[in-house]
Amino acid sequence: MSWHWNKHGLPFLPGYTVRDVTKSSFHRPQTLGYKNGYALPRRPTVGIGQDPLLSEQLIQQKITELSMEMPDITYGACHDTLPESFVPAHVALDKKVLRFYAYFEEEVLYSPEEVYRVRPVVIYYYLEDDSMCIYEPVVENSGIPQGKRIKRQRLPKNEHGEHYQWKDLNLRMELEVYGVKYHLTDCDAFTKEFMESEGIALNDPAQMPVDSHSKMNRFPQPHYKTSSESSEFDTMHKFLTMSFLLGQVLRFFALWDDTDEETKPVTIHYYLVDDTVEIREIHEANSGRDPFPVLMRRERLPKKLKPEPFPSCVLEVSKHEVEEYYSPKDFQLGQTMNILGRRFLLYDCDAFTEEYFKNNYPGIEMKPIEMSRRCCLYSQEIPPYNGFGSLEDSLQNCLSLLPEPPKRNVLKMLENDQKVLRYTAKLVSQNPEDEDRLFILSYFLSDDMISIFEKPSRNSGIIGGKFLEKTRVPKPGSSVENPEFYSPADLAIGVNIEVFSHRFVLTNADHYVLTYLEANSSQIPSQTLDSLRQNHINKQRAQSKYTSSNC
């Protein structure tokens, strides 16, 4: 009976184990070692509790190698060779991919023109982990879902669990993957060089077969070119070049002469894409007309019918009975056209129509005419201003039932935000109590509004504060229809300003006022700039005198 002994000399039995109180490290031993910068598993070392036979074999093998080693020269070995660096396979074969060109045949059902269709693919073989990927090049407007057919994975070779390897691939072979047979036809230069370096002779490349669908696309059916003046042919070219999305529509303005009622304005649209015509009425707000502006739906207008020996028993005319349709050259300004029993007088057209006739029909002059008779439309009259609120707010109450705030110049507000021109002013009055009253007039450049603030004066008996809210101040003599408001060009030193029946005289201004007006001197009169410059010079002189007197 053999016993195993521990390091304390006691048998390895229950009750004989002694805990080592001197042990301070309880970490798990490392199983990986680094060689040339790569992590590799360590070989087990022989120690207590391991097989002594393995240790004896290693020692005996080392002794044999030392006994068989030839003695070297005193100054070193005869052939000093550097040890080869160890590189793992996943590092050596990283980003090395074999590329094969192949195709597979897809069966086409219920087609009298083709039985199968050839679809080319590219097969990638990754040497790093023996995985493969099959990709089908994308063809625009093919109508077939293309792209990655099989994502990167190891492809099964048979039912026994084997997978395809690079040794199994060659040209002119069939690669069956998930029930689809791929025929390998060619490969790239790197793949050919790698296979030859591994001792595999590649077969000769094969040609990609051509199916009937590809032959039809490569050799199109013969077609005949017809005259461009005929509208029955080349409809696809007209659709692509004169589509409604490209704005290829002729627009004429006409008057419908309705004998029962007044003359009505209409718009005639001629679509160049298919030579159809549409007529729409122009309805104004509160005209009392039905909300159906289409007078004639979009259709081709027959101009001349073929003669028939017998009268027709149907009201609709087919295309076989029409000899000629209306064309753009039939729409000329100044003439009256009879369309479906209604008379239309063409008097104007848009800019595109005028340019189209100038390029295609230079002999036709598209000159608008002045019409003496127009449709009887009631124009909206704006009531006079009643004095409440601003002119813009009062106008919005007349334009809509639910008034909206007037539109403002947002760009001007952003550029001139928090830019204010400040002046000091005095009230022009016959009362002696108003002589000592001082006011600050602020001009806001963002919205051209003016506000006036009165500086409080002690023991004057007048309460200071806000004298005028921010508002636009009209000039004296301006009318309500065409109001003129004060601007920085009108605010000069010594000028009297009338603000809602109160007259003020400007006595001083900030230095920023002069700086801003000089930066925009092209819009400011010279008298205003001269007054501000003189005022600035006077202020500097007064300040220098005050400083010298104090010294």
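Residues numbered from 1 in each chain as written. Predicted model: local features only at pLDDT ≥ 70, side-chain atom pairs only at ≥ 80, totals over all residues. Heavy atoms only, no water.

Visitor: Can you break down the overall build of the chain residue by residue, with the values?
Guide: When you go through the chain residue by residue, the secondary structure sums to 10 helices and 22 strands. Excluding contacts between residues fewer than 6 apart, the proportion of contacts in the chain whose partners are at least 24 apart in sequence is 46%. Surface accessibility of the chain: about 41300 Å² in total, with carbon and sulfur atoms responsible for 53%. (Helix = DSSP H or I, 4+ residues; strand = E, 2+ residues; numbered from the N terminus. Contact = heavy atoms within 4.5 Å. Areas by Shrake-Rupley, 256 points an atom, 1.4 Å probe, with all protein chains shown as cover.)

Visitor: Kindly report on the packing of aromatic side chains, identifying the contributing residues and their values.
Guide: Taken as a whole and judged by the stated rule, the model has 15 aromatic pairs. Judged by centre distance (5.4 Å) and plane angle (20°), the ring pair of Phe-252 and Phe-331 falls under stacked. Here Phe-252 is found in strand 9 (residues 249-256), whereas its partner Phe-331 is found in the loop between strand 14 (322-325) and strand 15 (336-339), with 79 residues between them in sequence. Assessed through its relative accessible area of 0%, Phe-252 is described here as buried. Residue Phe-331 is classed as buried on the basis of its relative accessible area of 0%. (Phe/Tyr/Trp six-rings, centres within 6.5 Å; stacked < 30°, edge-to-face > 60°. Buried < 20%, exposed > 50% of the residue type's maximum accessible area, 1.4 Å probe, protein only.)

Visitor: I'd love a proper account of the side chain of Thr-276, names of residues and values included.
Guide: Take Thr-276: it is sitting in strand 11 (residues 276-281). We classify Thr-276 as buried; its relative accessible area is 7%. With sequence-adjacent residues up to four places away left out, Thr-276 is seen in contact with His-269, Tyr-270, Tyr-271, Arg-298, Glu-299 and Arg-300.

Visitor: Go over the pattern of salt bridges with me, naming the residues and quoting the values.
Guide: Under the criterion given, the structure shown has 22 salt bridges. Note that Asp-129 and Arg-152 form a salt bridge whose closest N and O atoms lie 3.3 Å from each other. Highlighted residues: Asp-129 in the loop between strand 4 (116-126) and strand 5 (131-136) and Arg-152 in strand 6 (residues 147-153), separated in sequence by 23 residues. Classification of Arg-152 by relative accessible area gives partly exposed; the value is 39%. A network of salt bridges, in which partner residues are shared, links Glu-106, Arg-119 and Glu-136. (Salt bridge = Lys/Arg side-chain N within 4 Å of Asp/Glu carboxyl O.)

Visitor: Could you give me a rundown of a nonpolar patch on the surface, with the residues and numbers involved?
Guide: Residues Ile-382, Leu-395 and Leu-399 make up a contiguous nonpolar surface patch of about 250 Å² in total accessible area. You can see Ile-382 is positioned in the loop between helix 6 (351-360) and helix 7 (391-399). (Patch = residues over 30% accessible without salt bridge, like charges linked within 9 Å, V, L, I, M, F, W, Y side chains within 5 Å.)

Visitor: Give a description of the nonpolar core that names residues and reports values.
Guide: One finds Tyr-423 and Ile-452 to be the most contacted residues of the largest nonpolar core, which totals 28 residues. Among the secondary structure elements, those contributing two or more residues to this core are strand 17 (420-427), strand 18 (438-444), strand 19 (449-454), strand 21 (496-499), strand 22 (502-509), helix 9 (511-519) and helix 10 (526-550). (Core = buried A, V, L, I, M, F, W, Y, C linked by side-chain atoms within 4.5 Å.)

Visitor: Would you mind going over the sheet that holds strand 12 (residues 294-299) in detail, with residue names and values included?
Guide: Strand order in the open sheet made by the 6 strands is 12-11-10-9-16-15, with antiparallel pairing throughout. Looking at which strands have only one partner, the edges of the open sheet turn out to be strand 12 and strand 15. Sheet twist, expressed as the average angle between the axes of neighbouring strands with direction ignored, equals 35°. Strand direction decides the pairing type here: strand 9 and strand 16 (residues 342-349), joined by 5 bridges, are antiparallel. (Pairing = 2+ DSSP bridges. Axes fitted to C-alpha atoms, helices over the stretch in contact; angles between N-to-C directions.)

Visitor: I'd like to hear about helix 9, residue by residue, with values.
Guide: Inspection of helix 9 places Val-513, Leu-514, Tyr-516 and Leu-517 among the buried residues, and these make up the whole buried set. All buried residues of helix 9 fall inside an arc of 165° around its axis, so they share one side. (Arc of directions from axis to C-beta.)

Visitor: So what about helix 3 (residues 189-197)? Which residues, and what values?
Guide: Of all the residues in helix 3, the buried ones are Thr-191, Phe-194 and Met-195. Burial along helix 3 is one-sided: seen end-on, the buried residues are contained in an arc of 95°. Exposed side chains of helix 3 directed beyond 90 degrees from the buried face belong to Ala-189, Glu-193 and Ser-197. Residues of helix 3 that are buried in the fold lie against strand 3 (97-107) and strand 8 (180-187). Gly-199 occupies a position one or two residues after helix 3 and carries a positive phi of about 85°.

Visitor: Let's hear about the pairing of strand 17: which residues, and what values?
Guide: Pairing analysis gives 7 bridges linking strand 17 to strand 18, with the strands arranged antiparallel. Of the residues in strand 18, the one forming a bridge with Thr-424 is Ile-440.

Visitor: Break down the confidence of the model for the chain for me, with residues and values.
Guide: Averaged over every residue, the pLDDT of the chain is 81; the share at 70 or more is 81%. Of all the helices and strands in the chain, helix 1 (residues 52-68) carries the lowest mean pLDDT, 60, while strand 5 carries the highest, 95. Long-range and interchain partners of residues 48-54, a stretch whose pLDDT sits below 50, account for 2 contacts in this model, where long-range means more than four residues apart. Throughout residues 373-378 the model reports pLDDT below 50, and contacts reaching past four residues in sequence, or to other chains, amount to 8 contacts. (pLDDT = per-residue confidence, 0-100.)

Visitor: So, the environment of Ile-200: which residues are in play, and what are the values?
Guide: Relative to the elements of secondary structure, Ile-200 occurs in the loop between helix 3 and helix 4 (212-218). Along the sequence, Ile-200 and Asp-168 sit 32 residues apart, while their C-alpha atoms lie 10.0 Å from each other. Setting aside its immediate chain neighbours within four residues, Ile-200 contacts Trp-166, Lys-167, Asn-170 and Met-195.

Visitor: Any details on the sheet that holds strand 18? Residues and values, ideally.
Guide: Here we have 6 strands laid out as an open sheet, ordered 20-19-18-17-22-21, and antiparallel in their pairing. What marks the edges here is a single partner per strand, and that holds for strand 20 (465-471) and strand 21. Averaged over all pairs of adjacent strands, the angle between their axes in this sheet comes to 30°, without regard to strand direction. In the sheet, strand 17 pairs with strand 22 via 5 bridges, with the strands oriented antiparallel. The partner of Lys-426 across the bridge, within strand 22, is Val-505. Against the sheet, helix 9 touches strand 17 and strand 22, its axis set at about 125° to strand 17.

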